[in-house]
Amino acid sequence: MYRDSDKEQPSLRLHEFLRDESENILEEWNRLDRLKIESARNLSREDQRNNIPRILEDIARSTEMRSQADVPEEGPKHHAEQRWQLGYSLEEVTCEYALLRSVILHKLVPRVGELAHGELLFLNQALDQAIVEGVATYVTSANQSLADERERLEVTLGSIGDGVASTDRDGRIVYLNRAAEEMIGWNLADAKGRPASEVLVTVDEARQQPLESLIRTVTRTGKQAHYPGEVLLTRRDGSQFPADEVAAPLNNTAGEFLGVVTTFRDVSRVRALTAQLGHLAAHDPLTGLPNRTLLTDRLNYELTHARRDGTSVAVLYLDLDLFKDVNDMLGHSAGDELLKLVAHRLQSCVRETDTVSRLGGDEFVILVSGFESLEALSELGATITRSLSAPYDIRSDTVDISTSVGVSVFPEDGDDAETLIKHADTAMYQAKTLGRNNAQFFAPEMNKRAAERRALQGDLRRALSADQLELHYQPQIALDTGLVTGAEALLRWHHPELGFVPPARFIPVAESSREIMITIGNWILEEACRQARTWLNEGHAPIRISVNVSIVQLQYENLLDHIDELLARFDLQADQLQLELTESILMSDVVGATDRVRALEARGIRIAVDDFGTGYSSLSYLKDLPVDELKIDQSFIRGLGANTDKAAIVQAVIRMAQSLNLRVIAEGVEEADEVAFLSLNGCEGAQGFYYGRAVNAWEFEQFYLNHHH
Ligand SMILES: Nc1nc2c(ncn2[C@@H]2O[C@@H]3COP(=O)(O)O[C@H]4[C@@H](O)[C@H](n5cnc6c(=O)[nH]c(N)nc65)O[C@@H]4COP(=O)(O)O[C@H]3[C@H]2O)c(=O)[nH]1
């Protein structure tokens with residue numbers, strides 16, 4: 001029976017029901033969802049519900065308003081998106097909404113009679129709306145993702161430098177990526193559907209003959225295929241480029257042949273790089289000059305011609321003198337700069353047909369063919385040393401450097417490239433020992449010397465650790481008192497087979513290896529300082545110890561630190577140490593040498609000019625140098641009494657030294673009349689066999705120090 005009162009007072013409002021029952025609905029929904037939907041089983045409660053409470057609330061609100069039964073789309077959308085990401089299938093998503101509807105209706109059924117008119121309809125519409133909204137979003141997400149996938153593939157294929165083309169099973173183009181389009185000048189739209197043989201035309205480079213297309217090969221064989229070497233691919237406009245190409249069959253999962261995919265690459269850049277690498281392999285990267293490999297090739301080539309034609313070939317081996325200085329003092333980049341300038345100058349000294357090469361470091365080799373005479377070669381050597389010795393402007397510095405040149409000539413000095421280079425190197429070494437900055441031709445006896453030098457060098461390396469080196473001391477006497485005022489430390493080498501080797505023979509060998517000379521030089525300084533300390537500790541009056549310093553040591557950047565450390569360690573006054581430098585070292589103008597000498601002087605260490613008179617015999621430089629003592633070379637002293645020339649020179653030197661306020665001492669004094677002459681002319685000191693030879697430390701102490709006491 002229909003009653004008006006019922007009609008006027010609906011007892012149940014849908015939105016109130018939904019809100020009141022929300023938790024119960026959700027509980028039930030949770031349970032059923034887990035029961036029916038596999039993907040829901042492992043989710044947390046929050047993840048499982050996700051936007052469902054919001055969807056419920058949205059439905060409640062829309063029914064409350066009764067305006068329209070539309071559900072704001074956010075809730076279902078978010079829910080569907082989340083479900084897509086969790087990997088739900090479309091059925092599962094649809095099922096969730098269906099479950100929601102059935103749970104709500106199930107709860108509502110007992111009270112459906114209490115519902116206000118039309119509210120059930122609103123509920124259904126709202127639920128439908130939510131389902132459509134959710135499912136549509138779900139499908140879009142899925143589609144979007146597929147599209148993404150395709151786009152990603154497209155981006156990948158588009159961005160790779162390789163061209164990619166695929167065909168159907170009939171060999172018709174279905175796809176070209178962007179690189180392929182650019183490389184072959186076809187766009188996909190035009191190429192699509194055309195036979196691949198029309199779009200990808202390959203030509204054998206050597207024979208300029210068309211090749212069977214790889215796509216056809218793969219279609220025929222069903223296997224991957226590639227051309228064994230490089231081929232030319234033809235662009236749409238007929239031009240060609242070198243390429244690599246590979247093709248492979250496309251099969252579906254059932255193994256059915258669907259078409260061919262081919263990738264190809266423009267190798268012109270690779271070719272250019274290969275050519276560049278070829279150049280690099282044969283050239284020195286710093287100067288761009290040919291390296292040893294290319295030099296040897298060219299030399300062999302020239303030798304073949306020279307043998308056939310009976311002509312000559314010359315090899316000039318160059319080494320920059322004291323190049324290490326520039327590196328040490330000005331830095332490696334300045335060194336590099338210098339090498340480049342040297343390379344440039346060398347090239348301007350020779351003809352274009354000659355090869356200037358760099359073997360590495362500061363060593364250059366020039367290959368000269370077709371020269372007129374040995375005189376012409378000699379002239380070339382002189383031109384080179386002259387040209388290289390002109391000053392170099394490197395940044396803000398002016399650098400002076402000289403070079404030593406060794407020359408060997410085919411056929412006289414060797415029959416093959418290796419021997420000629422080796423002999424030119426030997427001659428170069430000879431040029432170095434002859435005072436640098438000159439050129440020497442190879443002479444067979446140099447070989448003997450070179451072999452001996454190499455053997456001695458090996459032995460010298462071991463000499464220090466094998467305890468074969470010893471310092472001897474020669475007394476230096478004050479002429480006015482006759483007392484011993486100092487000792488010159490002189491190195492002695494007791495060679496296990498050769499016996500005593502004179503320093504004049506092994507010091508130059510040591511000097512030819514910086515490492516050996518510095519190791520030995522450091523040891524000499526340390527040993528001399530240790531001895532000075534020992535004698536002081538034994539109560540002897542201090543005497544000055546004079547140590548010979550090689551140019552190699554003077555170039556050594558740590559020399560000053562080493563000396564500081566020794567003076568401190570052995571607690572010596574700086575003026576107890578005297579360093580003997582030859583005139584030529586002081587004059588050599590080696591980068592930094594003068595500065596280092598000044599620094600030594602500033603510390604109070606005394607500097608003596610050794611072998612004075614043998615070098616430049618230029619006295620003018622002395623006033624600019626911080627020296628304390630001149631040692632007149634023994635060649636002026638020997639036979640002094642009988643030789644008026646020598647007497648005149650020695651007198652002049654003594655007088656000049658006095659005027660410059662330098663102490664002067666005579667070396668190699670052997671005779672009493674020499675002593676008399678020196679005393680008479682105001683020479684302050686003397687050293688020589690007349691007073692005593694160099695003896696070991698113990699003997700020195702017995703003969704000179706105890707006696708002196
Ligand atoms: N005929 C004659 N000779 C005399 C007389 N008095 C001394 N001598 C010799 O003359 C040389 C003097 O040394 P130097 O001019 O520095 O010449 C030295 C020096 O340049 C070098 N040398 C020796 N020891 C060292 C060293 O420890 N370091 C360096 N860098 N060079 C050294 O070897 C050269 C030769 O040294 P030594 O054979 O020891 O020869 C020494 C010494 O024994 C004399 O009255 N008559």
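Residues numbered from 1 in each chain as written. Predicted model: local features only at pLDDT ≥ 70, side-chain atom pairs only at ≥ 80, totals over all residues. Heavy atoms only, no water.

Caption draft 1: Structural context of the overall build of the chain. Within the chain, the regular secondary structure consists of 28 helices and 25 strands. Looking at the 709 residues of the chain, the share that counts as buried comes to 46%. Excluding contacts between residues fewer than 6 apart, the proportion of contacts in the chain whose partners are at least 24 apart in sequence is 64%. If you sum the accessible surface of the chain, you get close to 34,900 Å²; carbon and sulfur atoms cover 50% of it. (Helix = DSSP H or I, 4+ residues; strand = E, 2+ residues; numbered from the N terminus. Buried < 20%, exposed > 50% of the residue type's maximum accessible area, 1.4 Å probe, protein only. Contact = heavy atoms within 4.5 Å. Areas by Shrake-Rupley, 256 points an atom, 1.4 Å probe, with all protein chains shown as cover.)

Caption draft 2: Seen up close, the side chain of Ser166. Within the secondary structure, Ser166 is located in strand E1 (residues 163-168). By relative accessible area, which is 10% here, Ser166 ends up buried. When near neighbours in sequence (up to four residues on either side) are disregarded, Ser166 contacts Arg172, Ile173, Val174, Tyr175, Leu250, Val260 and Val261.

Caption draft 3: Representation of the packing of helix H19 (residues 503-511) against helix H20 (residues 514-537) in the model. Between H19 and H20, the shortest axis-to-axis distance is 6 Å and the interhelical angle comes to 120 degrees. Put simply, H19 runs oblique to H20. Between H19 and H20, the contacting residues are Ile507, Ala510 and Glu511 on the first element and Arg514, Ile516 and Met517 on the second. Class assignment of the residues belonging to the contact of H19 with H20 gives a composition of four nonpolar, no polar and two charged. (Axes fitted to C-alpha atoms, helices over the stretch in contact; angles between N-to-C directions. Parallel < 35°, antiparallel > 145°, perpendicular 65-115°, else oblique. Nonpolar A, V, L, I, M, F, W, Y, C, P; charged D, E, K, R; others polar.)

Caption draft 4: Up close: the confidence of the model for the chain. Looking at the chain, the pLDDT average stands at 85 and 87% of residues meet or exceed 70. Here residues 1-9 scores under 50 on pLDDT; set against residues more than four positions off or in separate chains, the count is one contact. The ipTM, which scores confidence in the relative placement of chains, is 0.95 for this predicted complex, and the corresponding pTM is 0.51. (pLDDT = per-residue confidence, 0-100.)

Caption draft 5: Summary view of the pattern of salt bridges. Throughout the structure, instances matching the rule amount to 36 salt bridges. Taking the shortest distance from any N to any O, the salt bridge between Arg358 and Asp284 comes out at 3.0 Å. Of this pair, Arg358 sits in strand E10 (residues 355-360) while Asp284 sits in the loop between helix H12 (268-282) and helix H13 (292-309), and the two are 74 residues apart along the sequence. Neither Arg358 nor Asp284 differs from the other in exposure class; each is buried. For Glu670, the salt bridge is made with Arg638, and the minimal N-O distance between the two is 3.6 Å. Taken together, the positions of Glu670 in the loop between strand E23 (663-666) and helix H27 (672-680) and Arg638 in the loop between helix H25 (634-637) and helix H26 (644-659) put the pair 32 residues apart, joining distant regions of the chain. One network of salt bridges, with partners in common, ties together Glu526, Glu527, Arg530, Glu565 and Arg569. (Salt bridge = Lys/Arg side-chain N within 4 Å of Asp/Glu carboxyl O.)

Caption draft 6: Quick look at the environment of Asp47. Positionally, Asp47 belongs in helix H3 (residues 45-49). A C-alpha to C-alpha distance of 8.8 Å links Asp47 and Gln82, two positions 35 residues apart in sequence. Not counting chain neighbours up to four residues away, the residues in contact with Asp47 comprise Gln82 and Arg83.

Caption draft 7: Layout of the sheet that holds strand E11 (residues 363-369). Taken in spatial order, the five strands make up an open sheet running E10-E11-E9-E14-E15, and their pairing is mixed. At either margin of the open sheet sits one strand with a lone partner, and together these are E10 and strand E15 (439-441). Direction aside, neighbouring strands of the sheet carry axes that sit 20 degrees apart on average. Pairing geometry for E10 and E11, over five bridges, is antiparallel. Looking at the pairing, Gly360 lines up with Glu363 of E11. Along the sheet face, helix H17 (residues 417-433) touches strand E9 (313-320), strand E14 (403-410) and E15 and points at about 145 degrees away from the line of E14. (Pairing = 2+ DSSP bridges.)

Caption draft 8: Spatial organisation of the nonpolar core. In terms of nonpolar packing, the biggest core is built from 83 residues, with Leu579, Leu630, Leu678 and Phe700 touching the most fellow members. A total of 10 residues in this core trace back to one element, the largest contributor, which is H20. Setting aside residues no more than four positions away along its own chain, Leu630 makes contact with Val609, Phe612, Leu622, Val653, Met656, Ala657, Leu662, Arg663, Val664 and Ile665. (Core = buried A, V, L, I, M, F, W, Y, C linked by side-chain atoms within 4.5 Å.)

Caption draft 9: Spotlight on the site of the ligand. Inspection of the region around the ligand gives 20 residues, with Arg492, Asn548, Asp610, Glu670 and Phe689 positioned closest. Asp610 is positioned such that a nitrogen or oxygen atom in its side chain is 2.9 Å from an oxygen atom of the ligand. One nitrogen or oxygen atom from the side chain of Asp611 is found 3.2 Å from an oxygen atom belonging to the ligand. Contact with the protein chains removes 82% of the 790 Å² of surface that the ligand exposes when unbound. Put simply, the parts of the chain that give the shell around the ligand at least two residues each are strand E17 (484-495), H19 and strand E21 (606-612). (Near = heavy atom within 4 Å. Polar contact = N/O pair within 3.5 Å; in protein donor to acceptor, adjacent residues only side chain to side chain.)

Caption draft 10: Focus on helix H14 (residues 323-330). Listing the buried residues of H14 in full gives Phe323, Asp325, Val326 and Asn327. For H14, the secondary structure elements touched by its buried residues are E9, helix H15 (332-349), strand E13 (397-399) and helix H21 (551-555). With its phi angle positive at about 100 degrees, Gly331 sits one or two positions after the end of H14.

Caption draft 11: Region of interest: the packing of aromatic side chains. For the coordinates displayed, the defined rule picks out seven aromatic pairs. Ring geometry for Trp493 against Phe506: centres 5.3 Å apart, planes inclined by 80 degrees, an arrangement best described as edge-to-face. Of this pair, Trp493 sits in strand E17 while Phe506 is found in helix H19, placing the two residues 13 residues apart along the sequence. Just as Trp493 is buried, Phe506 falls in that class too. Seen from their ring centres, Phe700 and Tyr704 are 5.0 Å apart, and the 50 degrees between their planes marks the pair as tilted. Pair noted here: Phe700 and Tyr704 are both in helix H28 (residues 697-708), with a separation of four residues, about one helical turn. Like Phe700, the residue Tyr704 is buried in the burial classification. Grouping aromatic residues by their ring pairs yields a cluster made of Tyr473, Trp535, Phe700, Phe703 and Tyr704. Of note, Arg236 hangs over the ring of Trp186, and the distance from its end group to the ring centre comes to 3.8 Å. (Phe/Tyr/Trp six-rings, centres within 6.5 Å; stacked < 30°, edge-to-face > 60°. Lys NZ or Arg CZ within 6 Å of the ring centre and 35° of its normal.)

Caption draft 12: Here's a closer look at the environment of Ser679. Structurally, the position occupied by Ser679 is in helix H27. Taking the C-alpha atoms as reference points, Ser679 and Ala478, separated by 201 residues in sequence, lie 9.8 Å from one another.

Caption draft 13: View of unusual backbone geometry. A cis amide bond links Phe410 with the next residue in sequence, Pro411, at an omega value of 5 degrees. Phi at Gln208 is positive, roughly 55 degrees, even though this residue is not glycine. With respect to the element layout, Gln208 can be found in the loop between strand E3 (201-204) and strand E4 (209-210). Positive phi outside glycine occurs at Asn661, with the angle close to 65 degrees. Mapping Asn661 onto the fold places it in the loop between H26 and E23.

Caption draft 14: Structural view of the environment of Lys107. Mapped onto the fold, Lys107 is located in helix H6 (residues 90-108). Each C-alpha atom of the pair Lys107 and Glu28 lies 9.6 Å from the other, and the pair is 79 residues apart in sequence. Beyond its immediate chain neighbours, meaning those up to four positions away, Lys107 contacts Phe17, Glu21, Asn24, Ile25 and Glu28.

Caption draft 15: View of the packing of helix H2 (residues 14-36) against helix H4 (residues 52-65). Relative to each other, H2 and H4 sit at 160 degrees, their axes nearing to 9 Å. Judged by the angle between their axes, H2 and H4 are roughly antiparallel. You can see that H2 and H4 cross each other, and the crossing is right-handed. Between H2, through Leu14, His15, Leu18, Arg19, Ser22, Ile25, Leu26 and Trp29, and H4, the contact on the second element is made entirely by Ile52, Pro53, Leu56, Glu57, Ile59, Ala60, Arg61, Thr63 and Glu64. Looking at the contact of H2 with H4, its residues break down into 10 nonpolar, three polar and four charged. (Left-handed = near helix turned anticlockwise from the far one by under 90°.)

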